[in-house]
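Structure assessment
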Amino acid sequence: MFLDQDADGPSHDDAERTEGLAALLTSLQLTDSAFPSGFYTLSHSLEGFSQARAVTAAGLPALLTDLLRHGVGPGDATALALAHRAVRAGDLAAVVETDRRLHAGKLGREMRLAATRTGRQLLDLAAEIFGQPVIGRYLELVVGRQAPGTQAVSAGVVYAATGVPVRQAVASDLFAFCASFAGAALRLRLTDHRRAQTLLRGIAPVIEEVTAAALGRPLADLGSTAFASDIMSGRHERAEARLFAS
């Protein structure tokens, strides 16, 4: 027997599903490789490892795992979570503080430039696409050099402004990092398309682990300890020929 739908409109469950679907669609758009944030220009130090012959196809999963656990997780993912919560609390000063701390912890010039270039591009494009005032306000702070506008913090602002829950936001951005890493491995001929997808499937439990850790980390503990990546980035910056910007 079929029950008539409530004449007053959709049920509470329907509304929740619709809201969740809207957030999912937003995160899918922001993490799509076609979204012009500039991620496709970055190898996240992988090109430096490749130039130094310090990584092989077989070593890609271990390298990506280390970058997530010791670099992106305690650094960018943590900053994204902190920025997201600060935006939801209406505290842009806390967003700026997180932004400055993350920027200061990026030891190499190349990594700092990559983070701020992609972050500013993200804010500029998202302000136009989503039309949320807080995105435009934070873009003004970045343009006015009151905040560096790192990619992770900018993403936190955009995700919060568009209603994407913080856990989904962190996991989405970590997946975008991994997809970008896999794409760089393809262009550097360290893998093929099939093994790249196996890499992304295999790294999913690490993304879950790193997401949970980032959500519980305070500002005082924000910072990367992926020093090998910093070294490779520094070498890459001085390389005569480069395919990627980082």
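Structure: see above.
As the structure is a prediction and not an experimental result, all values here were calculated from the model.

1. Quick word on helix H9 (residues 193-202)
Side chains three or four residues apart in an α-helix point the same way, a direct result of the helix having 3.6 residues per turn. Listing the buried residues of H9 in full gives Ala196, Leu199 and Leu200. Seen along its axis, H9 keeps its buried residues to an arc of 95°; they face one direction. Counted as exposed and oriented over 90 degrees from the buried face of H9: Arg194, Gln197, Thr198, Arg201 and Gly202. The inward-facing, buried residues of H9 abut helix H3 (60-88), helix H8 (166-187) and helix H10 (204-215). Two or three places before Arg194, at the start of H9, stands the capping residue Asp192, its side-chain oxygen 3.2 Å from that residue's backbone nitrogen.

2. Some thoughts on a nonpolar patch on the surface
On the surface, Leu21, Leu24, Leu25 and Leu28 cluster together into a nonpolar patch covering about 370 Å² of accessible area. Take Leu24: it is sitting in helix H1 (residues 12-31). Overall, Leu24 belongs to the partly exposed group, its relative accessible area being 38%.

3. Section: the pattern of salt bridges
Per the counting criterion, the structure on display carries three salt bridges. With a closest N to O distance of 3.0 Å, Glu209 and Arg69 form a salt bridge. Residue Glu209 is located in helix H10, and its partner Arg69 is located in helix H3; the two are separated by 140 residues in the primary sequence. In this structure, the salt-bridge partner of Lys106 is Asp76, at a minimum N-O distance of 3.1 Å.

4. Digging into the layout of surface pockets
Approximately 440 Å³ is the volume attributed to the largest pocket. Around the largest pocket, the lining is made up of 23 residues, and of these Thr31, Asp32, Ser33, Phe39 and Ala176 lie nearest the centre. Sorting the residues of the lining of the largest pocket by element identifies H1, helix H5 (109-130), helix H7 (151-161) and H8 as the ones contributing at least two each. In terms of residues, the lining of the largest pocket owes the most to one element, H8, which gives eight residues. When its residues are assigned to classes, the lining of the largest pocket shows 13 nonpolar, seven polar and three charged.

5. A few points about empty space enclosed by the protein
Here the structure, examined in full by the defined rule, presents one cavity of 30 Å³ or more. Approximately 510 Å³ is the volume attributed to the largest cavity. Every residue lining the largest cavity is counted, 30 residues in all, and those nearest its centre are Val72, Asp76, Lys106, Met111 and Phe177. Broken down by secondary-structure element, the contributors of at least two residues to the lining of the largest cavity are H3, H5, H8 and helix H11 (227-237).

What counts and how
- Residues numbered from 1 in each chain as written.
- Predicted model: local features only at pLDDT ≥ 70, side-chain atom pairs only at ≥ 80, totals over all residues.
- Heavy atoms only, no water.
- Buried < 20%, exposed > 50% of the residue type's maximum accessible area, 1.4 Å probe, protein only.
- Helix = DSSP H or I, 4+ residues; strand = E, 2+ residues; numbered from the N terminus.
- Arc of directions from axis to C-beta.
- Contact = heavy atoms within 4.5 Å.
- Polar contact = N/O pair within 3.5 Å; in protein donor to acceptor, adjacent residues only side chain to side chain.
- Patch = residues over 30% accessible without salt bridge, like charges linked within 9 Å, V, L, I, M, F, W, Y side chains within 5 Å.
- Areas by Shrake-Rupley, 256 points an atom, 1.4 Å probe, with all protein chains shown as cover.
- Salt bridge = Lys/Arg side-chain N within 4 Å of Asp/Glu carboxyl O.
- 1 Å grid on protein atoms, 1.4 Å probe; cavity = no way out; pocket = protein on both sides within 12 Å on 5 of 7 lines; lining within 4 Å.
- Points joined across faces, edges and corners; volume = space filled by probe spheres on them.
- Nonpolar A, V, L, I, M, F, W, Y, C, P; charged D, E, K, R; others polar.

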